[in-house]
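Coordinates in review
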Amino acid sequence: MTDTSHDDTSGVDPQLAADLLSNDRGRVKHAIESISAQRLADHLETDTGTAGLVAAFDLMPTFYRGGLPERAVIRWAVTRRSHGKLERDVELAPDSCTVGEKGAFAAQPAATLTAPASAFVALACGATRGVELMSRGDLRVAGNVQLAMKMERLFDLEPNATSS
């Protein structure tokens, strides 16, 4: 018998599940604002939710605005109850961003950002500010805090940002 407990959408409306996978910040933001925090966390434990998290990382280079004076690596550790951590290293350069598996780059991470999957999604679509997540204890930063605090600007996630 096959365990399919992680293959469903955890009771998330099919349209909202599609919005979560759309990679459109506006649609993702609307979806997470329409789903209870518990249901969103449950959804992100499914295979579909995992695919959405991976896609969010894969799309990071398209949202990168640049602006760092030199290369730096940021490690993201997205935590989930049953699927464990999803870790990605993000190499930021003055004009480019590259995402790889943990340890993919020669440089050691300048900062490690750790957050539950639902907090990562809220931050990645601009629904919640990093400072708010930190104050609630949903985002932990180890290492270069100043660099971590620039992430919203570097990825066009500041309030009133013009990206979709």
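In this text, all values refer to a predicted model and were calculated from it rather than measured experimentally.

Digging into the overall build of the protein
- Across its full length, the protein holds eight helices and five strands.
- The order of α-helices and β-strands along the protein, N terminus first, is α-α-α-α-β-β-β-β-α-α-β-α-α.
- Nonlocal contacts in the protein, meaning residues at least 24 apart in sequence, comprise 63% of its contacts between residues at least 6 apart.
- Accessible area for the protein stands at about 8400 Å²; split by element, carbon and sulfur atoms hold 49% of it.

Quick notes on the packing of helix α1 (residues 14-21) against helix α2 (residues 25-34)
- Across the interface, α1 lies against α2 with an axial gap of 7 Å and an inter-helix angle of 135°. Classified by the interaxial angle, the pair formed by α1 and α2 is oblique. Crossing hand, α1 versus α2: left-handed. Together, Q15, L16, A18, D19 and L20 of α1 and R27, V28, H30, A31, I32 and S34 of α2 make up the contact between the two elements.

A look at the nonpolar core
- Residues I32, L53, I74, W76, L92 and F155 are the most contacted members of the largest nonpolar core, which totals 41 residues.
- Among the elements that line this core, the one with the most residues is helix α5 (residues 117-124), at six residues.

Some thoughts on α1
- Residues of α1 that are buried include every one of L16, A17, D19 and L20, and no others. The buried residues of α1 occupy one face: seen down the axis, they fall within an arc of 155°.
- Where α1 is buried, its residues touch α2 and α3 (37-43).
- Sitting at the head of α1, D13 places a side-chain oxygen 2.9 Å from the backbone nitrogen of Q15.
- Following α1 by one or two positions, N23 has its phi on the positive side, about 65°.

Examining the pattern of salt bridges
- Counting across every chain of the model gives 10 salt bridges.
- Measuring nitrogen to oxygen at the nearest pair gives 2.7 Å for the salt bridge that ties D89 to R75. Of this pair, D89 sits in strand β2 (residues 86-92) while R75 sits in strand β1 (residues 72-79), and the two are 14 residues apart along the sequence.
- Residue classification places D89 among the buried residues on the basis of a relative accessible area of 1%.
- The partner of R129 in a salt bridge is E152, with the nearest N and O atoms 2.9 Å apart. Here the residue R129 occupies a position in the loop between α5 and α6 (130-136), and E152 occupies one in helix α8 (residues 151-154), the gap between them amounting to 23 residues.
- Using a relative accessible area of 10% as the deciding quantity, one classes E152 as buried.
- Salt bridges sharing partners connect three or more residues here, namely E132, R136 and D138.

Focus: the environment of L139
- Looking at the secondary structure, you find L139 in the loop between α6 and β5 (140-143).
- L139 sits in the buried class, given a relative accessible area of 7%.
- In this structure, the C-alpha to C-alpha distance between L139 and L113, residues 26 residues apart in sequence, is 6.8 Å.
- Non-local contacts of L139, meaning those with residues more than four positions away in its chain, are made with W76, L113, T114, A115, L123, G130, L133 and M134.

Examining unusual backbone geometry
- In this model, D156 sits at a positive phi of 55°, which is unusual for a non-glycine residue.
- Tracing the backbone through its elements, the reader meets D156 in the segment after α8.
- On the accessibility criterion, D156 (11% relative accessible area) is buried.

How each quantity is defined
- Residues numbered from 1 in each chain as written.
- Predicted model: local features only at pLDDT ≥ 70, side-chain atom pairs only at ≥ 80, totals over all residues.
- Heavy atoms only, no water.
- Helix = DSSP H or I, 4+ residues; strand = E, 2+ residues; numbered from the N terminus.
- Contact = heavy atoms within 4.5 Å.
- Areas by Shrake-Rupley, 256 points an atom, 1.4 Å probe, with all protein chains shown as cover.
- Axes fitted to C-alpha atoms, helices over the stretch in contact; angles between N-to-C directions.
- Parallel < 35°, antiparallel > 145°, perpendicular 65-115°, else oblique.
- Left-handed = near helix turned anticlockwise from the far one by under 90°.
- Core = buried A, V, L, I, M, F, W, Y, C linked by side-chain atoms within 4.5 Å.
- Buried < 20%, exposed > 50% of the residue type's maximum accessible area, 1.4 Å probe, protein only.
- Arc of directions from axis to C-beta.
- Polar contact = N/O pair within 3.5 Å; in protein donor to acceptor, adjacent residues only side chain to side chain.
- Salt bridge = Lys/Arg side-chain N within 4 Å of Asp/Glu carboxyl O.

That's the geometry; what it means functionally is another story.
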